[in-house]
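Okay, here's what each chain looks like letter by letter:
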Amino acid sequence: MGCWDQNTSNIDLKDIQETSIPAYGFFAFGVLGNVLALCTICLNRQQHQWRSFYIFFLGLAMSDCLNQAIVFPFEVLRYESHFTYRISDDECHFISFSYAFTQISSGLIIAGLTTDQHMSLIMGRQLDTMVGNRRIYVFALFAMWAVAAFVSSIHLIFGESEIFYPGSWCFINVSSEDFGSSASALVYSITGILTLIYTVSLHLYIMCKSLRDPEISGHLLDTDRITGYYDIHVNIFLMTSVTFYVLCWGPFLVDILLRSVNVVSSCTGRLELWLVRLVDFKSNLNPWLYVILRKENLRRIVRKFRSCRAGNIQDGEGDGENDRLVSDTHM
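Not measured: the values here are computed from a predicted model.

About the criteria used
- Residues numbered from 1 in each chain as written.
- Predicted model: local features only at pLDDT ≥ 70, side-chain atom pairs only at ≥ 80, totals over all residues.
- Heavy atoms only, no water.
- Helix = DSSP H or I, 4+ residues; strand = E, 2+ residues; numbered from the N terminus.
- Buried < 20%, exposed > 50% of the residue type's maximum accessible area, 1.4 Å probe, protein only.
- Areas by Shrake-Rupley, 256 points an atom, 1.4 Å probe, with all protein chains shown as cover.
- 1 Å grid on protein atoms, 1.4 Å probe; cavity = no way out; pocket = protein on both sides within 12 Å on 5 of 7 lines; lining within 4 Å.
- Points joined across faces, edges and corners; volume = space filled by probe spheres on them.
- Nonpolar A, V, L, I, M, F, W, Y, C, P; charged D, E, K, R; others polar.
- Contact = heavy atoms within 4.5 Å.
- Core = buried A, V, L, I, M, F, W, Y, C linked by side-chain atoms within 4.5 Å.
- Polar contact = N/O pair within 3.5 Å; in protein donor to acceptor, adjacent residues only side chain to side chain.
- Phe/Tyr/Trp six-rings, centres within 6.5 Å; stacked < 30°, edge-to-face > 60°.
- Lys NZ or Arg CZ within 6 Å of the ring centre and 35° of its normal.
- Expected span 1.5 Å × (residues − 1).
- pLDDT = per-residue confidence, 0-100.
- Salt bridge = Lys/Arg side-chain N within 4 Å of Asp/Glu carboxyl O.

Observations regarding the overall build of the protein
Thinking step 1. In terms of regular secondary structure, the protein is built from 10 helices and 2 strands.
Thinking step 2. The helix and strand sequence of the protein, counted from the amino end, reads α-α-α-α-β-β-α-α-α-α-α-α.
Thinking step 3. Out of the 331 residues belonging to the protein, those deemed buried represent 50%.
Thinking step 4. For the protein, the exposed area adds up to about 16400 Å²; of that, 66% sits on carbon and sulfur atoms.

Next up, the structure:
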């Protein structure tokens, strides 16, 4: 039996046992999360000292929203037509670029956030108070987008795009023996893997350095000295995001890498579909992590936890005492 190809005339559409529920679910999950996160950023932009975090996170949300706006209509057309709608070559190039660009840019932005955290750990708030620092961060964001656009467009010039099962999405052609496509897939996968290795290594270094030297970790102290809270929501967000990037993006990168060097030569199919859905889940999860891990939400969780441990379930009487407990613990 040959590999799946939507242009083959002998395809039996009854053999495509896929549902549109994941496409609708991911779209709703991602749009709602990004809207909530962007609203939270706009409402609280003056309450946080890490301006760079908001600039980078805004770029992350914009990349994810752009990909959803581009890819979702083609998915809907394919599913709602009962797989009779066929993506054209130009549309396929457009979708493949969007997928690759979103994944690479998101990885680079998370790496940029981790790098900024490391620089803040070393330099304190001198970096954030430098003249023109906002322009530096904006320039860095556009530089990341430029690198992601370059890596994502190589196959449009020297290679080909491939329509993957069940005909609802496209990516770099990893099924052909064309050198340009193989090289493009290799550049994409190596760029992604190196980005993950750099981000994970630097994040582990930051964690170890903070644990060994509490005075250095004080460089990440929030401006709100009354609560005595560190920027714990940013640290937890980065730690959780890095973990999910490795777990969700890593398998897709490895699959593309192995196919680009012909270690895996089997037909693409449902495996790649679920791997790319895993990547979509990772992208849609980022804004929800930010909203859930907001500092004030973490305070409420800590208060509730301490209240339950102390046997005090009356929120009105316990809030003040628990606030002092939280402050004393983290000062």
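Some details on empty space enclosed by the protein
The gaps left among the atoms become clear once a water-sized probe is rolled over them.
Thinking step 1. Counted according to the given criterion, the structure contains 3 cavities of 30 Å³ or more.
Thinking step 2. Of the pockets and cavities examined, the largest cavity occupies roughly 250 Å³.
Thinking step 3. Looking at the largest cavity, it is lined by 20 residues, and the ones nearest its centre are Phe26, Val71, Glu75, Tyr99 and Asp280.
Thinking step 4. At the level of elements, helix H1 (21-44), helix H2 (51-80), helix H3 (89-123) and helix H8 (270-292) are the ones that each hand at least two residues to the lining of the largest cavity.
Thinking step 5. By residue number, the principal contributor to the lining of the largest cavity is H2, which donates 7 residues.
Thinking step 6. Among the residues forming the lining of the largest cavity, the class breakdown is 10 nonpolar, 6 polar and 4 charged.
Thinking step 7. Its volume calculated, the second largest cavity comes out at about 40 Å³.
Thinking step 8. Along the walls of the second largest cavity sit Gly107, Ile110, Thr195, Leu196, Thr199, Val242 and Tyr245, which together make up its complete lining.

Regarding the environment of tryptophan 145
Thinking step 1. Structurally, tryptophan 145 is set in helix H4 (residues 133-158).
Thinking step 2. Measuring from C-alpha to C-alpha, the distance between tryptophan 145 and isoleucine 104 comes to 8.6 Å, with 41 residues separating the pair along the chain.
Thinking step 3. Contacts of tryptophan 145, omitting those with residues within four sequence positions, involve Gly59, Met62, Ser63, Phe101, Ser105 and Ile109.

What about the nonpolar core?
In a soluble, globular protein the nonpolar side chains are often hidden away together inside.
Thinking step 1. Within the largest apolar cluster, 58 residues are counted, with the highest numbers of intra-cluster contacts made by Phe171, Tyr188 and Phe252.
Thinking step 2. The greatest single-element share of this core, amounting to 10 residues, is contributed by H3.

Thoughts on the side chain of asparagine 286
Thinking step 1. Here asparagine 286 is to be found in helix H8.
Thinking step 2. Take asparagine 286: its relative accessible area is 2%, and that puts it in the buried class.
Thinking step 3. At a separation of 3.5 Å, a polar atom in the side chain of asparagine 286 contacts the side chain of tyrosine 245.
Thinking step 4. Beyond its immediate chain neighbours, meaning those up to four positions away, asparagine 286 contacts Phe57, Leu60, Asp64, Phe237, Ser241 and Tyr245.

Brief notes about the packing of aromatic side chains
Thinking step 1. According to the stated counting rule, one finds 13 aromatic pairs in the structure shown.
Thinking step 2. With a centroid separation of 5.9 Å and an interplanar angle of 80°, the aromatic rings of phenylalanine 56 and tyrosine 137 are classed as edge-to-face. Placement of phenylalanine 56 in helix H2 and of tyrosine 137 in helix H4 is noted, with a sequence separation of 81 residues between them. Like phenylalanine 56, the residue tyrosine 137 is buried in the burial classification.
Thinking step 3. Ring centres 5.0 Å apart and planes at 75° place the aromatic pair phenylalanine 171 and tyrosine 188 in the edge-to-face group. In this pair, phenylalanine 171 sits in strand E2 (residues 169-172) while tyrosine 188 sits in helix H5 (residues 179-212), placing the two residues 17 residues apart along the sequence. Per residue, the accessibility class of phenylalanine 171 equals that of tyrosine 188, and both read buried.
Thinking step 4. Ring pairing ties together the aromatic residues Tyr24, Phe27 and Phe72, which thus form one cluster.
Thinking step 5. In this structure, arginine 277 packs its charged tip against the face of tryptophan 274, placed 4.6 Å from the ring centre.
Thinking step 6. Taking NZ or CZ as reference, lysine 282 lies 5.4 Å from the ring centre of tryptophan 249, over its face.

A look at H5
Note on helix geometry: an α-helix contains 3.6 residues per turn, so any two residues three or four positions apart are oriented the same way.
Thinking step 1. Across its 34 residues, H5 extends 49 Å between first and last C-alpha, which sits within 8% of the 50 Å expected from 1.5 Å per residue.
Thinking step 2. For H5, the side-chain oxygen to backbone nitrogen distance between the N-cap and glycine 180 is 3.3 Å, and the N-cap itself is aspartate 178.

Examining the confidence of the model for the protein
Thinking step 1. The predicted model of the protein averages 77 in pLDDT, with 73% of residues at 70 or higher.
Thinking step 2. Between residues 222-230, whose pLDDT stays under 50, and residues either more than four places distant or in other chains, the model counts 26 contacts.
Thinking step 3. Taken as a whole, residues 313-331 scores under 50 in pLDDT and shows 21 contacts with residues more than four places along the chain or in a different chain.

So, the environment of valine 264
Thinking step 1. Assignment of secondary structure puts valine 264 in the loop between helix H7 (232-260) and H8.
Thinking step 2. Look at valine 264 and you get partly exposed, because its relative accessible area is 24%.
Thinking step 3. Spatially, the C-alpha atoms of valine 264 and serine 175 are 9.8 Å apart, while their sequence positions differ by 89 residues.

Details of the pattern of salt bridges
Thinking step 1. Overall, the coordinates contain 2 salt bridges when judged by the stated rule.
Thinking step 2. Close ionic contact of aspartate 255 with arginine 259 constitutes a salt bridge, the shortest N to O distance being 3.5 Å. In this pair, aspartate 255 and arginine 259 both sit in helix H7, 4 residues apart, roughly one turn of the helix.
Thinking step 3. Between arginine 259 and glutamate 272 there is a salt bridge whose closest N-O contact spans 3.1 Å. Taken together, the positions of arginine 259 in helix H7 and glutamate 272 in helix H8 put the pair 13 residues apart, joining distant regions of the chain.
Thinking step 4. By relative accessible area, arginine 259 is classed as buried at 4%.

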